[in-house]
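A structural walkthrough
Residues per chain, in single letters:
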2 protein chains.
Amino acid sequence: MIEKRKPLPVKEALKKVMSFATVGDIEQVSLQESFGRYLAEDLIATHPVPPFDRSPYDGFAIRAHDSANAKADQPVEFEVIDEIGAGSVSKESLGQNQAIRIMTGAQMPCGSDAVVMLELTKVYKKDNIVYMSIKRPFHKGDNVSFKGEDTPEGSVLVKKGTCITPGTIALLATFGYEKVQVVRQPRIGIIATGSELLEVGEPLEPGKIRNSNSFMIEAQAKRAGARPIYLGKLADDFETCYKAVVDALEEVDILLTTGGVSVGDYDYLPDIYQRLGANVLFNKIAMRPGSVTTVAEYNGKLLFGLSGNPSACYVGFELFVRPIVRHYLYSSRPHLQKVTAILGKDFLKPNPFTRFVRGSFQLIDGQVIASPVGLDKSNVVSSLADANVFIVLPGGTRGYKTGDMIDLLLFEDQLGSDTHWAESFK
Amino acid sequence: MIEKRKPLPVKEALKKVMSFATVGDIEQVSLQESFGRYLAEDLIATHPVPPFDRSPYDGFAIRAHDSANAKADQPVEFEVIDEIGAGSVSKESLGQNQAIRIMTGAQMPCGSDAVVMLELTKVYKKDNIVYMSIKRPFHKGDNVSFKGEDTPEGSVLVKKGTCITPGTIALLATFGYEKVQVVRQPRIGIIATGSELLEVGEPLEPGKIRNSNSFMIEAQAKRAGARPIYLGKLADDFETCYKAVVDALEEVDILLTTGGVSVGDYDYLPDIYQRLGANVLFNKIAMRPGSVTTVAEYNGKLLFGLSGNPSACYVGFELFVRPIVRHYLYSSRPHLQKVTAILGKDFLKPNPFTRFVRGSFQLIDGQVIASPVGLDKSNVVSSLADANVFIVLPGGTRGYKTGDMIDLLLFEDQLGSDTHWAESFK
């Protein structure tokens, strides 16, 4: 009647899951659609930046040595022989004491080697010829942005697997990437189980709760970079569940179920894995919450059996599903970023198992301060809204006091980490 | 020929802009569409959580005082009279030394006041009646989640103006919000000006660069929570620009232009503002980059004239447009979050004007360390991809050394701030 399960250390569980990580196909989207997607290939500078010697200011292009004798009481005069708007190129070539009016971003005209900012000049006309004068000397190269000085052609500017930000978009546009190669988002199927679940629109009934987990993990999947597909809520019935899982595996890359993985009599997931012939990687983890998180592999696809309990479900997703999603999206840093922080509030409970306490961190006076939010009972949903980190309290530790150094895992984060955050764990 | 402009301190500029901030209308979206949108009303607990006394574990519901004499060598026996799956309610009421098998999340049966975890029991049959025994006493309330202990009915769980995260979604679902009241995204029109601009798909030409700014600020607008509408790229022609601006103002809430605000001869924006009769709030700010950032107001709508230069354009958006967008979205913390950090790399240039240096920050050993990225010339785009903060170096300061405390403005951040980050500025 009661199955005995041996809890696996978090570190081992994560290692097992990651050994089945896969990568996605490439698809092409327009530049405008690419925001928030993941680069499938390195972003390469297709030309040098700047692409030509240019003026970073509005002013006048001159030959620097013509200005050598300019002084406050002895201005040097230049004849203005042309003017260049941004995007135009002057056909003129500068001779002695000649200048060309130049706009920000315009190409340096032939013969010029310095730019004088407009505000440092005096402009006037004599006999219908425009002149300008300056009161100090300029050196060759002054106020010139040289071809390639920012970026030589061929440089790798952003690595594949990076999430496309506004800054990345600026680069893609600059280098002519009208279409962008991005990684196809993994399709994550979501099945909720549990006869205690009501639909969100239904009124409460005695003993029942509304299905919040599937909507929550849909949003977690989107945040991770995946495309969630909600496949419905099932009653606690074996055959129905089994068929739903088999059908789902046909159309998704990763399958999540919520609920049905406890050792209760109504929990069918273990039997479904068995009938499928799936390779169950583990069904108990030495952690709280989320100890019942179960992961199985079938034909190269991962099936995550997340807890029915909202907090445990949330933890299970972030710890195990997120790095699989990021790896699929070519990230070289698929793991949660672990940072050290100062505990801002006592947490005195002992931790027989590694505990993931929902917390929020603040940056105060150059320090990272984190505190638990809410009660952190595993069935409490309200604290999820305020949390932006898990505070990781390793198993076998006593309580922690304000001021103690603790580890955080960031979940509102794009940077990630290239190493397992759990690697240093016992 | 040359207009003299008086630079306004950043603090004053921000204050002027914010005095014209408006708020958006409310619209209703489905729960699934609400991720990443902004709540238009407080999220209220529509029932207590838990909604009834329930078991947080799989186990047995008992009357605690029946267990008072249980010892390791003297187990107390209970008759198991019923079992309750999650979502079911038992019709039975517990009598002396009776227990009911209960699943995680199920409602406590009548007469019970404690739960014994399954793993602490021994279950057996005698004469076809199921019994269980325990070896230690339990107290009234042990392992019971009491009605309302997490959240009393009517509590404000998330404030309006908050960005909807996976945790918020869990709460919305729990409390039956099938439809969510969110703020309509402000429509941000974007017009690029500059005859030096090529389309992204065009090959480079002498003197020309590709239009990267409009795509970049489209993405910045999305990140801020707005809906960008790209209205096209214009040549440097006054009448065309003027008509485009007039037409755009009909269909957008906020209008951005890039380029055309320098003091160069080809910059028409000032004349457009004049012909419109717009109220120009300022046309020069004592900051680098982005000193030419111009903001005007016309019939209650804001027109932002951002620089044509990518870095200055980026800064202008984050400093001035973003807080307007967040205010529109009901945020009580619309401003950029300012945090103190330790400078990780020398920045020895003196700062005659307040400088916003693109940087990236890391959290190392409980400390916030930030360093400039790239060369940070104002025409350099490549460093935008790596930046996640502006390092703010106030005007009138000399250079800064590694280890100095500096201020950062975070732009990959949802939390924001309720006060102007520039308030403490001179």
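Residues take numbers from 1 onward in each chain, read along the sequence in its written order. Chain letters start at A and ligand numbers start at 1, both assigned in the order the entries are written. At least 70 in pLDDT is required for a residue's local features to be given in this predicted model, at least 80 for side-chain atom pairs to be given and counted, and no such filter applies to totals for whole chains, interfaces and linings, which use all residues. As a convention, hydrogens and water are excluded, and side-chain values are obtained from all of the structure's heavy atoms.

- Labelled according to an unreviewed UniProt entry, chain A appears under the name Molybdopterin molybdenumtransferase, originating from Metabacillus halosaccharovorans.
- Turning to chain A, the UniProt annotation filed under Catalytic activity (unreviewed entry) states: "adenylyl-molybdopterin + molybdate = Mo-molybdopterin + AMP + H(+)".
- UniProt, in its Sequence similarities (unreviewed entry) section for chain A, records the words "Belongs to the MoeA family." UniProt positions are given in the numbering used here, feature names are shortened, and annotations may be inferred rather than shown by experiment.

**Things to note about the overall build of chain A**
- Counting its secondary structure elements, chain A contains six helices and 24 strands.
- Based on C-alpha atoms, the radius of gyration is set beside the globule rule, defined as 2.2 Å times the residue count to the power 0.38. A compact globule built from 426 residues would reach a C-alpha radius of gyration of about 22 Å, whereas chain A, at 31 Å, exceeds it by more than 25%.
- Across its three principal directions, the C-alpha atoms of chain A cover 105 × 50 × 45 Å.
- Relative accessibility decides the category of a residue: with a 1.4 Å probe and only protein chains considered, values under 20% of the type maximum give buried, values over 50% give exposed, and everything between is partly exposed. Residues counted as buried form 59% of the 426 residues belonging to chain A.
- By the convention used here, residues are in contact when the closest approach between their heavy atoms is within 4.5 Å. When contacts within chain A are restricted to residue pairs at least 6 apart in sequence, long-range pairs at least 24 apart make up 73% of them.
- For chain A, the exposed area adds up to about 16,900 Å²; of that, 49% sits on carbon and sulfur atoms.
- In chain A, which carries 47 positive and 51 negative side-chain charges, the distance between the mean positions of the two groups comes to 6 Å. Secondary structure elements follow DSSP: runs of H or I of four or more residues count as helices, runs of E of two or more count as strands, with numbering from the N terminus. Working definition of accessibility: Shrake-Rupley area with a 1.4 Å probe, residue cover restricted to the visible protein chains. The sign given to each residue is positive for Lys and Arg and negative for Asp and Glu; His and the chain ends receive no count. To locate a charge, the coordinates of NZ of Lys, CZ of Arg, CG of Asp or CD of Glu are taken.

**Some words on a negative patch on the surface**
- What makes a patch is a set of residues exposed beyond 30% relative accessible area and free of salt bridges, joined within 9 Å when like-charged and within 5 Å when nonpolar (Val, Leu, Ile, Met, Phe, Trp, Tyr). We define a salt bridge as a side-chain nitrogen of Lys or Arg found within 4 Å of a carboxyl oxygen belonging to Asp or Glu. Together, Glu178(A), Glu199(B), Glu202(B) and Glu205(B) line one region of the surface with negative charge.
- Locating Glu178(A) in the fold gives a position in the loop between α2 (166–174) and β10 (179–183).
- Note on Glu178(A): relative accessible area 48%, which makes it partly exposed.

**A word on helix α4 (residues 238–251) of chain A**
Residue and element names in this part refer to chain A.
- In this model α4 runs 21 Å from its N-terminal to its C-terminal C-alpha over 14 residues, within 8% of the 20 Å that 1.5 Å per residue would give.
- Regarding α4, the residues found buried are Phe238, Cys241, Tyr242, Val245, Ala248 and Leu249. Buried positions in α4, seen along its axis, are confined to an arc of 135° and lie on one side of it. In α4, the exposed positions that point more than 90 degrees away from the buried face belong to Lys243 and Glu250. A helix is expected to span 1.5 Å for every residue after the first. Here the arc refers to the directions that run from the helix axis out to each C-beta atom.

**Focus on helix α6 (residues 310–328) of chain B**
Residue and element names in this part refer to chain B.
- Between its terminal C-alpha atoms α6 stretches 25 Å, which fits the 27 Å expected from 19 residues at 1.5 Å a residue.
- At any given residue, the bend is defined as the angle formed between two axes, one fitted to the seven residues that end at that position and one fitted to the seven that begin there. The principal kink in α6, of about 40°, is found at valine 321, preceding the proline proline 323 by one to four residues.
- With 18 of 19 residues buried, α6 lies mostly within the body of the structure.
- Its side-chain oxygen placed 3.2 Å from the backbone nitrogen of serine 311, asparagine 309 serves as the N-cap of α6.
- Note on α6: the residue one or two positions beyond its end, tyrosine 330, has a positive phi of about 70°. Think of a polar contact as two N or O atoms within 3.5 Å of one another; within protein, one of them needs to be a possible hydrogen donor and the other a possible acceptor, and neighboring residues in sequence only count if both atoms come from side chains.

**What about the packing of aromatic side chains?**
- Ring geometry is summarised as follows: Phe, Tyr and Trp rings, the Trp one being its six-membered ring, pair when their centres sit within 6.5 Å, and such pairs are stacked at plane angles under 30 degrees, edge-to-face over 60 and tilted between the two. Summed over all chains, the structure comprises 18 aromatic pairs over all chains.
- Judged by centre distance (6.2 Å) and plane angle (20°), the rings of Tyr124(A) and Tyr131(A) are stacked.
- The partly exposed category is assigned to Tyr124(A), whose relative accessible area is 22%.
- For Tyr131(A), a relative accessible area of 16% translates into the label buried.
- Geometrically, the ring pair formed by Phe215(B) and Tyr230(B) is tilted, given 5.9 Å between the ring centres and 40° between the ring planes. With Phe215(B) in helix α3 (residues 213–224) and Tyr230(B) in strand β14 (residues 227–234), the pair connects residues that are 15 residues apart, well separated along the chain.
- Assessed through its relative accessible area of 11%, Phe215(B) is described here as buried.
- For Tyr230(B), a relative accessible area of 25% gives the class partly exposed.
- A connected cluster of aromatic rings, assembled from ring pairs, spans Tyr314(A), Phe356(A), Phe390(A), Phe411(A) and Trp421(A).
- Over a ring means this: the NZ of a Lys or the CZ of an Arg is within 6 Å of the ring centre and within 35 degrees of the ring normal. Positioned over the ring face of Tyr131(A) is Lys126(A), at 4.7 Å from the centre of the ring.
- Positioned above the aromatic ring of Phe353(A) is the side chain of Arg288(A), whose terminal nitrogen or guanidinium carbon lies 4.2 Å from the ring centre.

**Describing unusual backbone geometry**
- Residue Pro50(A) is bonded to the preceding Val49(A) through a cis peptide linkage, with omega at -10°.
- Non-glycine residue Asn128(A) carries a positive phi angle of around 65°.
- Turning to its location among the elements, Asn128(A) is positioned in the loop between β7 (121–126) and β8 (129–134).
- Positive phi is not limited to glycine here, since Asn299(B) has a value of about 50°.
- Turning to its location among the elements, Asn299(B) is positioned in the loop between β18 (294–298) and β19 (301–306).
- Exposure remark for Asn299(B): the relative accessible area of 67% places this residue in the exposed category.

**Quick notes on the relation of the copies chain A and chain B**
- Only residues with pLDDT of at least 70 in both copies count here: their C-alpha atoms drive the least-squares fit that superposes the copies. Superposing chain A onto chain B requires a rotation of 180° together with a translation of 0.1 Å along the rotation axis, leaving an RMSD of 0.1 Å. Such a turn and shift between the copies fits a two-fold axis. Relative to the rotation axis, the closest C-alpha in chain A is found at Gln367(A), a distance of 2.2 Å.
- Interface overlap between copies: 99% of the residues of chain A at the interface are likewise at the interface in chain B, consistent with a symmetric, same-surface contact.

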